[in-house]
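# Structural features, examined
As a plain string of letters, each chain reads:
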Amino acid sequence: MIVKKCFASTDSTKALICFDFDETYFPHACEKGQLEDLHAMELYLNRISRQHHVKIAWVTGSDCNSLAGKMERARLTYMPHFIAANLGTELYQLTAGGELKQIYDWKKHLPVQEEFNQLVEDLIHMLSLDGIALQPQTMHGQSSYKKNYYYFPNEDDLAEVMHRIRQAAAAAKVGLNVNACNPLAGDPDGAYDVDFIPLRTGKRAAVQFLANHCMVEPSQIYAFGDSGNDLEMLRYAGNGFLVANATEEAKQKHSQVCGTPYAAGIRTTLQHFFI
C-alpha cells in the first residue's frame, strides 16, 4: 500500500490523535454530506498536525488492503502517520516516501505464527465441545494474528456464554475481544464479534506503544471510536470519545460522546483542544 499524499512529519510530538476507522473515521454509507465533512476534517487534521505537532493514527480491525479500498471509495487523499491494523496486531509507520513500513519493535514481540494458530485452533475445538459454536468471519478474512468469528445468540444465557469464552481464552493464554456487531459496518444484525489475538496486542496496547514511541503521556492522547472494541483504547487515552453514531452497547459503557456523528462530531470535539 503506497500513497502519494500524507500528513507532514513533525520534529517532535505534542499530541497523538487515534481513530477507529470503520463507522468512526470512515462512514460506510458514504453519503454526500458525510464525505464533505470527512474531507474537511482531513484538511483540518493536516493543518493541526503541522501547527501543533500532532501525530495521527488509525487503530482499526481492518487490514491494509481493506483500508485502501475504503480510501478509494471515499476519495481520501491523506494518510495518517501510523496504522495499527487488524485490531492492533500489525503496526505500521508511514515513510517519507509514502510507503507503509512495519514497526519492527512491535512485530518482534509477536508469538511464532504456527504456535498461535494452533492455540486458537485448539481453543475453537474446546469451545465447540462445550456447545459454543463460533462462525468464522469469512467476509472479512482471517489475518495472521487476528482470528475473527461471529457468535449468534440463541436460547442460551448470553452473559454465561461470554463468561465461558473469556475463561477459555484466558486458560489458553490467548487475547480476546468481544463486542456487539455493528450492522452499519457490514456485520450481521444481532451477532457478536469474537476475535482472538495474541496477548499484549489489541487497540489499547497499540496506542500505548505509540504513546511511548512518540513520547507522549495519556493526557496528550485523543481517541475516537464507535463500538465495544474501542472502549479500552478510549479509557487509556486521556481524552477518549465515542462518536454520536456509536453502538448503544458502547454508549452504555462510556459517557464521553461527541455531539454529532462521524467526522463532523470529531472535528467539533477536537476544536475544543486544537484551534
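Notes on the structure follow.

Each value, and the rule that gives it
Residues numbered from 1 in each chain as written. Predicted model: local features only at pLDDT ≥ 70, side-chain atom pairs only at ≥ 80, totals over all residues. Heavy atoms only, no water. Helix = DSSP H or I, 4+ residues; strand = E, 2+ residues; numbered from the N terminus. Rg over C-alpha atoms; globule rule 2.2 N^0.38 Å. Buried < 20%, exposed > 50% of the residue type's maximum accessible area, 1.4 Å probe, protein only. Areas by Shrake-Rupley, 256 points an atom, 1.4 Å probe, with all protein chains shown as cover. Core = buried A, V, L, I, M, F, W, Y, C linked by side-chain atoms within 4.5 Å. Contact = heavy atoms within 4.5 Å. Expected span 1.5 Å × (residues − 1). Salt bridge = Lys/Arg side-chain N within 4 Å of Asp/Glu carboxyl O. Patch = residues over 30% accessible without salt bridge, like charges linked within 9 Å, V, L, I, M, F, W, Y side chains within 5 Å. Lys, Arg positive; Asp, Glu negative; His and termini not counted. Charge placed at Lys NZ, Arg CZ, Asp CG, Glu CD. Pairing = 2+ DSSP bridges. Right-handed = clockwise from strand over helix to strand, strands pointing away.

Okay, the overall build of the protein chain next. Helices and strands together make up the secondary structure of the protein chain, namely nine helices and eleven strands. Its C-alpha radius of gyration of 18 Å places the protein chain within 12% of the 19 Å reference for a compact globule of 275 residues. Counting only C-alpha atoms and orienting by the principal axes, one finds that the protein chain spans roughly 55 × 40 × 35 Å. Counting over 275 residues, the protein chain shows a buried share of 55%. On the protein chain, roughly 12,700 Å² of surface is accessible, and the fraction owed to carbon and sulfur atoms is 50%.

Moving on, we get to the nonpolar core. Among the nonpolar cores identified, the biggest contains 36 residues, and Ile 17, Phe 19, Leu 45, Trp 58 and Leu 270 are the most heavily contacted of them. Put simply, the parts of the chain that give this core at least two residues each are β1 (15–19), α1 (32–51), β2 (54–59), α2 (64–74), β3 (82–85), β4 (90–94), β10 (221–225) and α9 (262–270). For this core, the leading source of residues is α1, giving six residues. If near-sequence neighbours (up to four positions away) are discounted, Ile 17 is found in contact with Leu 45, Ile 48, Val 54, Lys 55, Ile 56, Ala 57, Tyr 222, Phe 224, Leu 270 and Phe 274. Listed in part, the 27 residues of the second largest apolar core include Leu 16, Ala 57, Leu 234 and Leu 242.

On to α1, then. Between the first and last C-alpha of α1 there are 29 Å, a value that for 20 residues agrees with the 28 Å anticipated at 1.5 Å per step. Structurally, α1 contributes buried residues whose contacts are with β1, β2, α2 and α9. Count one or two residues on from α1 and you reach His 53, which has phi positive near 55°.

Among the secondary structure elements, Lys 55 is positioned in strand β2. Judged by its relative accessible area of 9%, Lys 55 is buried.

One pass over the full model with this rule turns up seven salt bridges. Its salt-bridge partner being Asp 20, residue Lys 203 comes within 2.8 Å of it at the nearest N-O pair. A residue pair is termed long-range when its members are at least 10 positions apart, and Lys 203 in helix α6 (residues 203–214) and Asp 20 in the loop between β1 and α1 qualify at 183 residues. Taken as a pair, Lys 203 and Asp 20 share a single burial class, namely buried. The residue Lys 108 makes a salt bridge to Asp 105 at a minimum N-O spacing of 3.5 Å. What makes Lys 108 exposed here is its relative accessible area of 51%.

The next subject is unusual backbone geometry. For residues besides glycine, phi is generally negative; the peptide bonds are generally trans as well. The backbone phi angle of Arg 200 is positive, close to 65°, even though this residue is not glycine. For Arg 200, the position within the fold is in the loop between β9 (192–197) and α6. Unusually for a residue other than glycine, Tyr 262 sits at a positive phi of about 50°. By the element assignment, Tyr 262 lies in helix α9. By relative accessible area, Tyr 262 is classed as buried at 13%.

With that settled, the discussion passes to a negative patch on the surface. On the surface, Glu 155, Asp 156, Asp 157 and Glu 160 cluster together to form a negatively charged patch. Topologically, Glu 160 is positioned in helix α5 (residues 158–172).

Counting buried positions along β1 gives five out of five residues, so the element sits mostly inside the fold. Burial along β1 is two-sided: Ala 15, Ile 17 and Phe 19 and Leu 16 and Cys 18, pointing in opposite directions, are all buried. Of the strand pairs in this sheet, β1 and β2 are connected by five bridges, and their pairing is parallel. Within the sheet, the bridge partner assigned to Ile 17 lies in β2 and is Ile 56. A crossover connection joins β1 to the parallel β2 through α1; in handedness this β-α-β unit is right-handed. Of the pairings in the sheet, the one linking β1 to β10 comprises four bridges and is parallel in character. Looking at β10, one finds that Cys 18 is bridged to Ala 223.

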